[in-house]
Amino acid sequence: MERDDGGGEAIRYVRFQSPHQNGRGHFTGVFGLVNNLAREGRLSDEQESFRRSNNIWYDAAYTDPSTVDPSVYDDETNPGAAAWFKPSATHLLARVPGYPEILTAHGVDFRVLRSEDPGRVVYEDDVQIVVVPHPLR
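What counts as what
- Residues numbered from 1 in each chain as written.
- Predicted model: local features only at pLDDT ≥ 70, side-chain atom pairs only at ≥ 80, totals over all residues.
- Heavy atoms only, no water.
- Helix = DSSP H or I, 4+ residues; strand = E, 2+ residues; numbered from the N terminus.
- Buried < 20%, exposed > 50% of the residue type's maximum accessible area, 1.4 Å probe, protein only.
- Contact = heavy atoms within 4.5 Å.
- Polar contact = N/O pair within 3.5 Å; in protein donor to acceptor, adjacent residues only side chain to side chain.
- Axes fitted to C-alpha atoms, helices over the stretch in contact; angles between N-to-C directions.
- Parallel < 35°, antiparallel > 145°, perpendicular 65-115°, else oblique.
- Left-handed = near helix turned anticlockwise from the far one by under 90°.
- Nonpolar A, V, L, I, M, F, W, Y, C, P; charged D, E, K, R; others polar.
- Expected span 1.5 Å × (residues − 1).
- Arc of directions from axis to C-beta.

(A) Here's a closer look at the environment of L113. As for its placement among the helices and strands, L113 is situated in strand β3 (residues 111-115). Residue classification places L113 among the partly exposed positions, given a relative accessible area of 21%. Along the backbone, L113 and E101 are 12 residues apart, and their C-alpha atoms lie at a distance of 17 Å. Dropping the residues within four chain positions of it, L113 is found in contact with Y13, V14, R15, Q17 and W84.

(B) Representation of the side chain of R51 within the structure. Position of R51 relative to the elements: it lies in helix α2 (residues 45-61). By relative accessible area, which is 15% here, R51 ends up buried. A polar side-chain atom of R51 sits 2.7 Å from a polar atom in the side chain of E48. In this structure R51 touches V34, N35, A38, L43 and Y99, once residues within four positions along its chain are discounted.

(C) Spotlight on the packing of helix α1 (residues 30-39) against helix α5 (residues 98-105). With their axes 9 Å apart at the nearest point, α1 and α5 run at an angle of 50° to one another. Relative to α5, the element α1 lies oblique. Crossing of α1 against α5: the hand is left-handed. Along the contact surface, α1 presents V30, F31, L33, V34 and L37, while α5 presents Y99, I102 and L103. The residue inventory of the contact of α1 with α5, partitioned by class, reads 8 nonpolar, no polar and no charged.

(D) Structural context of the side chain of K86. Within the fold, K86 resides in the loop between β2 (82-85) and α4 (90-93). At a separation of 2.7 Å, a polar atom in the side chain of K86 contacts the main-chain carbonyl oxygen of D125.

(E) Seen up close, α2. The end-to-end C-alpha distance of α2 is 24 Å, a good match for the 24 Å that 17 residues give at a rise of 1.5 Å each. Taken together, the buried positions of α2 are Q47, E48, R51, N54, N55 and Y58. All buried residues of α2 lie within an arc of 145° about the axis, which places them on one face of the element. Away from its buried face, by an angle of more than 90 degrees, α2 presents the exposed residues D45, E46, I56 and A60. As for α2, its buried residues are in contact with α1, α4 and α5.

Function cannot be read off these values alone, since they describe shape.
Below, the structure written as structure tokens:
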């Protein structure tokens, strides 16, 4: 378990996702949920502008783990793998609230998860981890 720099409390990772599994058995994150609304043509012009500009910003601000390791999200190698923000990623977390606002406006459920140990880490960088969730205990 990762600890903060002072050796004190455990680090709490955070993830924003659907409470429902999709057809592949995964819990879609809020970025994907908003992108799905866009593909369905359901976003207002303002929401679409927000989505586009912030997706571009996020793409530039941090690494897509699958560009470093193409197997990170492979269902056979890492079933159910999902990205979690590190609490130190405050600059990334600051922009997240606009995505849940869009989901709420469209009646799309989401939840915020926090965990000290969300699963087996298969990728890590300075702002995120990708984990395979622990089996239900």
